[in-house]
Amino acid sequence: MESPTTSESPAASTESAQSAGSRSAPPAIDSPELGEIITEIADDAKRRRQSGGGRPELALRLIRSHRLGAVRLPVDLGGAGYSKRDLYSLIIRLAEADPDVPHILRIHWGFTEDRLRLRGQESDRRWLAAIADGVVYGGVSSELTTKTVGTYNYDTTLTVDGDGFRLNGKKFYSTGSLYSDYLRVTASDDSGTQRAALIPADREGVIHVDDWDGIGQAQTGSGTTILDNVYVASDELINFDSPEDPKRPRGSQPQLILHAIAAGILRAVAADAAELLRTRHRTYVYAAATKPNEDPQLLEIVGRLSAAAFVTKATVLAAADAQDDAAAYAIEHGAVCDHREQRASLLAAKTKVGIEDLALKAAGDLFAVGGASATRSSAHLDRHWRNLRTLFSHNPTPYKARVIGDHVVNAAPIPKAGFF
């Protein structure tokens with residue numbers, strides 16, 4: 001086995017997080033407190049960019065201490081009672097400050113949603129209490145393999161060992177696991193059946209390899225997780241939700257979170273463009289005005305970028321409303337409504353297809369406002385395009401567009417897969 005570079009314990013803050021039960025509820029979506037948190041995260045991201053990088057550790061401390069991972073929980077369970085629209089508004093604002101941060105929490109918010117739907121079960125009540133206390137849940141599922149994506153056929157194994165089990169394997173795209181307190185790990189058991197376990201992220205044998213080298217989303221911890229003979233107790237096995245299970249919601253939330261992050265990035269693009277033009281002093285001899293901030297051509301570009309940010313956010317929130325409807329039904333009835341789930345998935349897919357070209361063009365057009373000096377590495381403006389390109393590379397857009405077209409023309413069913 002390779003000898004990887006490991007991180008410090010990702011569960012180091014679990015104890016402090018679990019002591020958060022006496023704290024007040026997470027901040028309301030329109031509260032000054034939330035605004036201050038997001039400003040602090042943005043300031044830290046800027047400091048890290050200027051000093052050469054580094055992990056968003058401050059952001060994760062703020063998220064735990066203010067329990068932003070619990071915002072979807074009802075107030076009586078220690079949450080803030082956010083709707084899905086509120087959650088996506090939060091994600092957009094966090095992404096404008098630092099797009100790595102909401103991406104790190106993508107699995108956690110999905111785990112929270114599942115617990116809400118199943119909160120009548122004893123195990124889920126225990127996990128809901130931990131979420132309310134600030135504990136962060138992550139997950140490792142994907143593997144670098146030749147198997148078709150979405151088949152849920154794992155090389156990672158879960159084998160019987162006395163009264164418990166042992167996990168062995170290697171996962172990739174482990175987004176958020178580096179910063180999590182607990183991990184949901186998927187594997188195949190001795191019979192080839194898919195299983196899932198929930199274990200501490202710092203358990204002996206869990207090795208976090210910080211080797212993500214993507215062109216964007218650099219500090220999301222999306223690299224390798226090695227499972228080296230990790231012990232799993234029998235009561236740490238949890239239900240494996242197959243996409244074919246009619247009681248399982250479709251995968252619209254993890255999809256739309258990616259697009260909400262893109263919406264936040266576009267807000268940052270528009271803000272950076274305005275600041276570039278506001279502070280630019282030199283122009284060309286053949287420009288339309290002597291002052292860049294009065295140049296109608298440059299002002300048009302900023303106007304288009306601002307409009308792109310607005311349209312993208314509005315599209316995400318429209319899709320979020322469909323998720324609100326589907327989630328409210330599932331939580332109330334303890335079962336999903338397939339019609340509502342299909343609509344939520346279809347709108348999440350349409351969001352992806354509709355905003356991708358608009359967003360990538362906007363991130364490129366930003367440089368037309370700033371001139372050659374905007375391309376300097378020290379300006380860090382290329383991060384917007386790189387982050388967007390990385391986000392949109394999840395679940396190829398042509399496939400989503402084809403499915404939408406087939407549904408519109410031929411009433412073809414939407415795939416029942418975790419990636420749609």
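Quick caveat: nothing in here was measured; it's all calculated off a predicted structure.

Residue-level account of helix α2 (residues 32-50), with values.
The end-to-end C-alpha distance of α2, which contains 19 residues, comes to 27 Å, matching closely the 27 Å that a straight helix rising 1.5 Å per residue would cover. Every buried residue of α2 is accounted for by Leu34, Ile37, Ile38, Ile41, Asp44, Ala45 and Arg48. Take α2 and look down its axis: the buried residues cluster within an arc of 120°, on one side only. Along α2, exposed side chains directed more than 90 degrees from the buried face belong to Pro32, Glu36 and Gln50.

Can you explain the packing of helix α8 (residues 252-279) against helix α10 (residues 338-370)? Please cite residues and give values.
It is at 9 Å that the axes of α8 and α10 come closest, and there the two elements cross at 20°. One element, α8, and the other, α10, form an angle in the roughly parallel class. Judged by the twist between their axes, the crossing of α8 over α10 is left-handed. Judged by residue contacts, Ser252, Gln255, Leu256, His259, Ala262, Leu266, Val269, Asp272, Ala273, Leu276 and Leu277 of α8 engage Ala344, Ser345, Ala348, Thr351, Lys352, Ile355, Ala359, Ala362, Ala363, Leu366, Val369 and Gly370 from α10.

If you had to explain the confidence of the model for the chain to someone new, which residues and values would you point to?
With 94% of its residues at a pLDDT of at least 70, the chain reaches an overall mean of 91. Long-range and interchain partners of residues 1-21, a stretch whose pLDDT sits below 50, account for 43 contacts in this model, where long-range means more than four residues apart.

I'd love a proper account of the packing of helix α6 (residues 106-117) against helix α7 (residues 122-132), names of residues and values included.
Interaxial distance between α6 and α7 falls to 9 Å at its minimum, and their mutual angle equals 135°. By the angle class used here, α6 and α7 are oblique. Crossing of α6 against α7: the hand is left-handed. Here His108, Phe111, Thr112, Arg115 and Leu116 of α6 come into contact with α7, specifically with Asp124, Trp127, Leu128 and Ile131.

Requested: an account of a nonpolar patch on the surface, with residues and values cited.
Side chains of Tyr284, Val285 and Tyr286 sit close together on the surface and give an oily, nonpolar patch of about 460 Å² of accessible area. Mapped onto the fold, Tyr286 is located in the loop between α8 and α9 (296-333). Of the residues examined, Tyr286 reaches a relative accessible area of 67% and is grouped as exposed.

Can you lay out unusual backbone geometry for me, pointing to particular residues and giving the numbers?
Even without a glycine there, the phi angle at Tyr173 is positive, about 55°. Of the residues examined, Tyr173 reaches a relative accessible area of 47% and is grouped as partly exposed. Phi is positive for Asn395, which is not a glycine, with a value near 55°. Its location among the elements puts Asn395 in the loop between α11 (382-392) and α12 (397-410). Accessibility expressed as a relative area gives 14% for Asn395, which makes it buried.

Describe a negative patch on the surface, with residues and values.
A cluster of acidic residues, Glu33, Glu36, Glu40 and Asp43, forms a negative patch at the surface. Among the structural elements, Asp43 can be located in helix α2.

Report on the pairing of strand β3 (residues 164-171), specifying residues and quantitative values.
Taken together, the five bridges between strand β2 (residues 157-161) and β3 define a ladder with antiparallel strand orientation. Residue pairing in the sheet places Thr157 in a bridge with Asn168 of β3. The hairpin formed by β2 and β3 contains two residues between the paired strands, and Gly162 there has a positive phi angle of roughly 65°. By the bridge criterion, six bridges tie β3 to strand β7 (residues 224-232) in an arrangement that is antiparallel.

Describe the packing of aromatic side chains, naming the residues involved and giving the relevant values.
This model, assessed by the stated rule, comprises eight aromatic pairs. Ring centres 5.6 Å apart and planes at 25° place the aromatic pair Tyr137 and Tyr182 in the stacked group. Residue Tyr137 is found in strand β1 (residues 137-140), and its partner Tyr182 is found in strand β4 (residues 182-189); the two are separated by 45 residues along the sequence. Given a relative accessible area of 3%, Tyr137 falls into the buried group. By relative accessible area, Tyr182 is classed as partly exposed at 24%. Judged by centre distance (6.3 Å) and plane angle (50°), the rings of Phe172 and Trp212 are tilted.

The rules we used
Residues numbered from 1 in each chain as written. Predicted model: local features only at pLDDT ≥ 70, side-chain atom pairs only at ≥ 80, totals over all residues. Heavy atoms only, no water. Helix = DSSP H or I, 4+ residues; strand = E, 2+ residues; numbered from the N terminus. Expected span 1.5 Å × (residues − 1). Buried < 20%, exposed > 50% of the residue type's maximum accessible area, 1.4 Å probe, protein only. Arc of directions from axis to C-beta. Axes fitted to C-alpha atoms, helices over the stretch in contact; angles between N-to-C directions. Parallel < 35°, antiparallel > 145°, perpendicular 65-115°, else oblique. Left-handed = near helix turned anticlockwise from the far one by under 90°. Contact = heavy atoms within 4.5 Å. pLDDT = per-residue confidence, 0-100. Patch = residues over 30% accessible without salt bridge, like charges linked within 9 Å, V, L, I, M, F, W, Y side chains within 5 Å. Areas by Shrake-Rupley, 256 points an atom, 1.4 Å probe, with all protein chains shown as cover. Salt bridge = Lys/Arg side-chain N within 4 Å of Asp/Glu carboxyl O. Lys, Arg positive; Asp, Glu negative; His and termini not counted. Charge placed at Lys NZ, Arg CZ, Asp CG, Glu CD. Pairing = 2+ DSSP bridges. Phe/Tyr/Trp six-rings, centres within 6.5 Å; stacked < 30°, edge-to-face > 60°.

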